[in-house]
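A look at the structure
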Amino acid sequence: MQLTRRAQYAARALLGLTLAAVPATNAAAAPVDDEARTSASSGLRDPGKKEIAMRLVSSAENSSLEWKKQYAYIEDIGDGRGYTAGIIGFCSGTGDMLELVERYSAAVPGNVLEKYLPALREVNGSNSHDGLGSRFVRDWHRAARDGEFERAQNEERDRVYFEPAVRRAQQDGLGTLGQFVYYDAMVMHGEGGRDGFDMIRRSALAKAAPPSRGGDQGAYLNAFLDVRKSTMKREAAHEDTSRIDTAQRVFVNKGNFSLRTPLAWKVYGDTYRIA
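Here we summarise the structure given alongside this text. Since the model is a prediction, treat every value here as computed from it, not as a measurement.

**Observations concerning the pairing of strand β5 (residues 270–274)**
The pairing of strand β4 (residues 263–267) with β5 spans five bridges and is classified as antiparallel. Counted as the bridge partner of Lys266 is Thr271 from β5.

Right under this line is the structure:
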């Protein structure tokens, strides 16, 4: 299987090769977006904006904008989290893949992945493939042809990552772009732990006031991205920070707080556009 661009960078980083970081672009005077003056009642939950968010995440996670083709995706990208799979990068080593298969098995008892539940419980917290391997990969591909498995992935994405991120962003007075910035961080780092989303957010709030406390939206988001970038660089597999430098930071510095199209960005040197 051909590795995604993200997997290629992870493998290179773990071999000790240094990736060139792309410098952040400092905009002079970003235009004030109308959404900065209003509360985001729907924001990223708007179906069109959520579609944009999924395509942005997929560009970084799968080197493709076609996120709906990623239900069947599965590979070990060499980041110490075991298998990474599905539309949001569920991992066998972090518990979210286990919870996904549990949800799927509750909806479809006897499905092709249910027999791997004991193995997924055993490997949780490690990068082990014990009890999984090529048979598990093959059966993941088979399960991905089932609409109920797609539904389970969508529901777990929303429960674990999307809704918690959007709720926190709205608490901080952030618009659609800020909600996406939080969501992407939640996807990569998870919620808790030393390098998790909650830590990143706490550190950012200590550096800059969010709009809910009278702060400037752009200044706060740049502070959040600064903390996240430092967090990513502590882990070899996440050393490439282009999903911040040449994507999210670009949107922030343009004042595009409503995440309006057209959008153009780069991840891992590849250029993407949404008209």
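**Here we look at the packing of aromatic side chains**
What the rule picks out here adds up to twelve aromatic pairs. Residues Phe162 and Tyr183 carry aromatic rings whose centres are separated by 5.2 Å and whose planes lie at 80° to one another, so their mutual orientation is edge-to-face. Residue Phe162 is found in helix α6 (residues 147–171), and its partner Tyr183 is found in helix α7 (residues 176–189); the two are separated by 21 residues along the sequence. Given a relative accessible area of 1%, Phe162 falls into the buried group. With relative accessibility at 0%, the residue Tyr183 sits in the buried group. Ring geometry for Tyr182 against Phe224: centres 4.8 Å apart, planes inclined by 35°, an arrangement best described as tilted. Pair noted here: Tyr182 is in helix α7 and Phe224 is in helix α9 (residues 217–232), with a separation of 42 residues, a long-range link. The exposure classification of Tyr182 matches that of Phe224, with both residues buried.

**Describing the packing of helix α2 (residues 47–61) against α7**
At a minimum axis distance of 11 Å, the contact between α2 and α7 shows a crossing angle of 40°. In terms of axis orientation, α2 runs oblique to α7. The interaxial crossing formed by α2 with α7 has right-handed handedness. Each of Lys49, Ala53, Met54, Leu56, Val57 and Glu61 in α2 lies in contact with α7, whose residues at this interface are Thr176, Phe180, Tyr183, Asp184 and Val187.

**Description of the pairing of β4**
Residue alternation in β4 divides its side chains into a buried set, Leu263, Trp265 and Val267, and an unburied set, Ala264 and Lys266. Hairpin connection, β4 to β5: the antiparallel pair is bridged by two residues, and Tyr268 has positive phi, about 55°.

**Things to note about the nonpolar core**
Generally speaking, a soluble globular protein has its nonpolar side chains buried in company with each other. In terms of nonpolar packing, the biggest core is built from 75 residues, with Phe136, Trp140, Tyr183, Phe224 and Trp265 touching the most fellow members. Among the elements that make up this core, the one with the highest residue count is α7 (nine residues). When sequence neighbours within four positions are dropped, the list of residues in contact with Phe224 reads Val181, Tyr182, Ala185, Phe197, Ile200, Arg201 and Ala204.

**Things to note about the packing of α7 against α9**
The N-to-C vectors of α7 and α9 enclose an angle of 15°; their axes lie 11 Å apart at closest approach. Relative to α9, α7 is oriented roughly parallel. In this structure, the crossing between α7 and α9 has a hand that is left-handed. In this structure, α7 contributes Leu177, Gly178, Val181, Tyr182, Asp184, Ala185, Met188 and His189 to the contact, and α9 contributes Tyr220, Leu221, Phe224, Leu225, Arg228, Thr231 and Met232.

So, how was this worked out
- Residues numbered from 1 in each chain as written.
- Predicted model: local features only at pLDDT ≥ 70, side-chain atom pairs only at ≥ 80, totals over all residues.
- Heavy atoms only, no water.
- Pairing = 2+ DSSP bridges.
- Helix = DSSP H or I, 4+ residues; strand = E, 2+ residues; numbered from the N terminus.
- Phe/Tyr/Trp six-rings, centres within 6.5 Å; stacked < 30°, edge-to-face > 60°.
- Buried < 20%, exposed > 50% of the residue type's maximum accessible area, 1.4 Å probe, protein only.
- Axes fitted to C-alpha atoms, helices over the stretch in contact; angles between N-to-C directions.
- Parallel < 35°, antiparallel > 145°, perpendicular 65-115°, else oblique.
- Left-handed = near helix turned anticlockwise from the far one by under 90°.
- Contact = heavy atoms within 4.5 Å.
- Core = buried A, V, L, I, M, F, W, Y, C linked by side-chain atoms within 4.5 Å.

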